[in-house]
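If you want the building blocks of each chain, they are given just below.
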2 protein chains.
Amino acid sequence: MKRVYNFSAGPAVLPEEVLKEAQEEIFDYADTGISVMEMSHRSKPFEKIITDAEKDLRELMSIPDDYKVLFAQGGATTQFAAVPMNLMSENKQAAYIETGNFSKKAFEEAKIFSDKVRIVASSKDRNYTYIPDCSDLPIDEKDDYVYICENNTIFGTTFKNIPNTKGKPLVSDQSSCFLSKPVNVSDYGVIYAGVQKNVGPAGMAIIIARGDLIKDAEELQFPTPTMLRWKTYSDSGSLYNTPNCWSIYICGKVFKWIKSIGGLEEMQKRNEEKAKILYDCLDSSKLFVNGVEKSSRSIMNVVFKTGDPELDAKFVAEAKDHGIISIKGHRIVGGMRASIYNAMPKEGVISLVRFMEKFEKENAR
Amino acid sequence: MKRVYNFSAGPAVLPEEVLKEAQEEIFDYADTGISVMEMSHRSKPFEKIITDAEKDLRELMSIPDDYKVLFAQGGATTQFAAVPMNLMSENKQAAYIETGNFSKKAFEEAKIFSDKVRIVASSKDRNYTYIPDCSDLPIDEKDDYVYICENNTIFGTTFKNIPNTKGKPLVSDQSSCFLSKPVNVSDYGVIYAGVQKNVGPAGMAIIIARGDLIKDAEELQFPTPTMLRWKTYSDSGSLYNTPNCWSIYICGKVFKWIKSIGGLEEMQKRNEEKAKILYDCLDSSKLFVNGVEKSSRSIMNVVFKTGDPELDAKFVAEAKDHGIISIKGHRIVGGMRASIYNAMPKEGVISLVRFMEKFEKENAR
């Protein structure tokens, strides 16, 4: 068995401890004689898996009691539609902040449902290399919510402060920064995340929503599929139908792993340390450039390039020979991207930096 | 490691060969140095996984070229909404055949979108213990489609012949009989199945749809989420966003396993043999009764009861001590249910029958 350092933006690296446990249990989970993949979602062992997962997540994030935790099938893209379908219960109007590809997609999806959604701040003018000032946004009295993508996977930026929403519920897509650091849940109306970047196997989104924002079917303004209504999940403990049991099981193990290393404070410390190693390397490099405004730099996704697409391609190819994979940047921006999520060990980042230094020496211009 | 005989209706038993391979590969898939759970859905290894899965499924089912194969997140319940959203592109009108809980739910979901859906045949009068005659249904010229749930997991019935739809596209939920026997795909407009009963881990539906039934966004009559539009999947090879990679990977292994044993003809032979063993036992029993009309009996889900709820509970409890689990009937009907899907070995059914005979002797009345 060989393992490499996997810098994929998602699906992404998982803790080896978690994979090891899953491997041991794959035929016979907790003396049940069956795999979690084969287990009725109405069985006692699975009930414990999902209950523990929610409990551990609540503990990790200090989720207030008036917030619901939902495990929904589909990824963040499905929630791009669920957000307007569930939250446009008053005026079918909402304010979006455009900081990259996924906030743009979420905005376009909302437009399927209403022509009264608008972008109230954007960093498109400088190709999404910064987070716009969100201290005094043109929020309207009729806005049902304000929407952000908190960490921008493709562009390597992140909100260091959340926007001033002037009292409106803040909806945050935290797909690529979920559980990377402590957050104050009560600052948000809704936090949601596709799990495949920082938490578990693809095919699920976790939604943390303030109870009063979860509306009954009759209150919704659009014909809404049962499985896109958040109420369906909150009423049933996410067991209205068969959920993505395997993903819930692995996510639960990841929650326990984060608890075991010391919770989100420790997680943040480790993530910031890893990011600093990489950004220090970039800041002292004469070959590689991170084009992101320093105050907006993500600690999860670090983008860089040489400015020469051929040299970038050479870097990506040679990296592979050094056990460093999925380091290629997204096709929209080119260059390289190192996604250094929770489960990426410090050794992986050090290994990458060593290779960058070696590559720079060999390719000095 | 112990293994038991798992008669769960879903999630359900998987082939041990498949679990074994998954276990071996969980840290390092095909010399990539990472798990499939950690693998970019845009990577070459995953591209091969999803391409092979579709290819093997097409081969197994002899799917005609003008039918698309889609791997969609969410289960059958999500498709209950996707069906009307995608197919009511003409008259917002459809005909449903009610043969149990899930066809009823699909009908109720369609009513969210149109008041012109109606039930054209039902077996509710005798508690869904048979499949109604569907040779001359009151299909209307304006019906966009005719809908069935082909195998009724809870009630243990199945369509032996598909309805005469008078030229309208037939939509069939095959969740609990998918790949259990050969079917003539071109008899259907759309076949779909939540995978967690006969194919793989929960959290995905496979949709096989005739190309002309997959409409562009502009042709749809409702504001439809991108991830519920079948066109999104058919245009992108099910890779518009991150799919349920793990489920696709395991389903792909199950397809290969079915091929390895001889394809769907052999699968049907084995399934019918297993079902016969169980029905023969029931038909000669003086204690257990299968209340289903013989011509409608499912070869996937076999329901039975003693008529005495206390004795049923005793049976379920004692079965567990004999390595037979998840044999309890659905709460709607009570009694027992043995789901004997593709991956249930004949030995499991024999083991169950031996225990039933023993129990009958010990509890003769």
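This structure is a prediction, so every number in the text was calculated from the model and none was measured.

About the criteria used
- Residues numbered from 1 in each chain as written.
- Chains lettered and ligands numbered in written order.
- Predicted model: local features only at pLDDT ≥ 70, side-chain atom pairs only at ≥ 80, totals over all residues.
- Heavy atoms only, no water.
- Domains from an automatic or database assignment.
- Contact = heavy atoms within 4.5 Å.
- Buried area = accessible area lost by both parts, 1.4 Å probe.
- Salt bridge = Lys/Arg side-chain N within 4 Å of Asp/Glu carboxyl O.
- Helix = DSSP H or I, 4+ residues; strand = E, 2+ residues; numbered from the N terminus.
- Nonpolar A, V, L, I, M, F, W, Y, C, P; charged D, E, K, R; others polar.
- Buried < 20%, exposed > 50% of the residue type's maximum accessible area, 1.4 Å probe, protein only.
- Phe/Tyr/Trp six-rings, centres within 6.5 Å; stacked < 30°, edge-to-face > 60°.
- Lys NZ or Arg CZ within 6 Å of the ring centre and 35° of its normal.
- Lys, Arg positive; Asp, Glu negative; His and termini not counted.
- Polar contact = N/O pair within 3.5 Å; in protein donor to acceptor, adjacent residues only side chain to side chain.
- Pairing = 2+ DSSP bridges.
- Expected span 1.5 Å × (residues − 1).
- Arc of directions from axis to C-beta.

Residues and elements named next belong to chain A. Annotation of chain A at the domain level lists domain 1 (16-260) and domain 2 (263-362). Domain 1 and domain 2 are separated by 27 Å when their C-alpha centres are compared. Each side of the interface is counted separately: domain 1 has 27 residues, and domain 2 has 24 residues. Roughly 2,200 Å² is buried in total at the junction of domain 1 and domain 2, and carbon and sulfur atoms are behind 58% of that figure. Where domain 1 touches domain 2, the interface holds one salt bridge. Those elements that provide at least two residues to the side of domain 1 that touches domain 2 are helix H2 (44-61), strand S7 (157-158) and helix H6 (245-261). By residue number, the principal contributor to the side of domain 1 that touches domain 2 is H6, which donates three residues. When grouped by side-chain class, the residues that make up the side of domain 1 that touches domain 2 number 12 nonpolar, 10 polar and five charged.

This part takes up the pattern of salt bridges. Counting across every chain of the model gives 50 salt bridges over all chains. The salt bridge partner of Lys-253 of chain B is Glu-21 of chain B, with a shortest N-O separation of 2.8 Å. Of this pair, Lys-253 of chain B sits in helix H6 (residues 245-261) while Glu-21 of chain B is found in helix H1 (residues 16-25), placing the two residues 232 residues apart along the sequence. Of the residues examined, Lys-253 of chain B reaches a relative accessible area of 11% and is grouped as buried. The partly exposed category is assigned to Glu-21 of chain B, whose relative accessible area is 37%. Linked by salt bridges that have partners in common, Asp-56, Glu-59, Lys-256 and Lys-259 of chain A make up one network.

One pass over the structure, following the stated rule, counts 29 aromatic pairs over all chains. When the centroid spacing of 6.2 Å and the interplanar angle of 35° are considered together, the rings of Phe-288 of chain A and Phe-359 of chain A count as tilted. One end of the pair, Phe-288 of chain A, is in the loop between helix H7 (263-284) and strand S11 (301-304); the other, Phe-359 of chain A, is in helix H9 (residues 346-362), and 71 residues separate them in sequence. An angle of 70° between the planes, with centres 5.8 Å apart, marks the rings of Tyr-96 of chain B and Tyr-145 of chain B as edge-to-face. With Tyr-96 of chain B in strand S3 (residues 94-98) and Tyr-145 of chain B in the loop between strand S4 (117-122) and strand S5 (146-149), this pair connects stretches of sequence that are 49 residues apart. The same class applies to Tyr-96 of chain B as to Tyr-145 of chain B, namely buried. Over the ring of Tyr-240 of chain B we find Lys-105 of chain A, and its NZ or CZ is 4.6 Å from the ring centre. Positioned above the aromatic ring of Tyr-130 of chain B, the side-chain terminus of Arg-126 of chain B is 4.0 Å from the ring centre.

You'll often see interface size given as the accessible area lost when the parts meet. In this complex, chain A contributes 60 residues to the contact, which on the side of chain B involves 61 residues. In total, about 5,000 Å² of surface goes out of reach between chain A and chain B, with carbon and sulfur atoms giving 60% of it. Of all residues in chain A, Phe-27, Met-37 and Glu-38 of chain A give up the largest surface area on contact with chain B, accounting jointly for 16% of the area buried on that side. Applying the counting criterion to the chain A and chain B interface returns two salt bridges. The salt bridge partner of Glu-38 of chain A is Arg-3 of chain B, with a shortest N-O separation of 2.7 Å.

What follows concerns the side chain of Glu-150 of chain A. All names here are of chain A. Within the secondary structure layout, Glu-150 lies in the loop between strand S5 (146-149) and strand S6 (151-152). No salt bridge is formed by the buried Glu-150; the nearest opposite charge belongs to Lys-181, separated by 4.9 Å. Here the side chain of Glu-150 touches Ser-172 through a polar contact of 2.6 Å, side chain to side chain. When neighbours within four sequence positions are excluded, Glu-150 is seen to be in contact with Thr-157, Thr-158, Phe-159, Ile-162, Ser-172, Asp-173, Gln-174, Cys-177 and Tyr-188.

Moving on, we come to the pairing of S11 of chain A. Residue and element names in this part refer to chain A. Neither face of S11 is open: one carries Asn-301 and Val-303, the other Val-302 and Phe-304, and all of them are buried. Sheet topology places S11 next to strand S13 (residues 336-339); four bridges connect them, and they run antiparallel. Across the sheet, Val-303 pairs through a bridge with Arg-337, a residue of S13.

What follows concerns helix H7 (residues 263-284) of chain B. Residue and element names in this part refer to chain B. In this model, H7 (22 residues) spans 32 Å end to end at C-alpha, consistent with the 32 Å of a helix rising 1.5 Å per residue. Within H7, burial applies to Gly-263, Leu-264, Met-267, Asn-271, Lys-274, Ala-275, Leu-278, Tyr-279, Cys-281 and Leu-282. Around the axis of H7, the buried residues are gathered within 150° of arc, so they sit on the same side. In H7, the exposed residues that point more than 90 degrees away from the buried face are Glu-265, Lys-269, Lys-276 and Ser-284. Against helix H2 (44-61), H6, strand S11 (301-304), strand S13 (336-339) and helix H9 (346-362) lie the buried residues of H7.

Take unusual backbone geometry next. For residues other than glycine, phi is negative in most cases, and the peptide bonds are mostly trans. Residue and element names in this part refer to chain A. For the bond running from Gly-10 to Pro-11, omega is -10°, close enough to zero to count as cis. Considering the arrangement of structural elements, one finds Pro-11 in the loop between strand S1 (5-6) and helix H1 (16-25). Of note, the phi angle at Ser-62 is positive, near 50°, even though the residue is not glycine. Taking the relative accessible area as the measure of exposure, Ser-62 reaches 57% and is therefore exposed.

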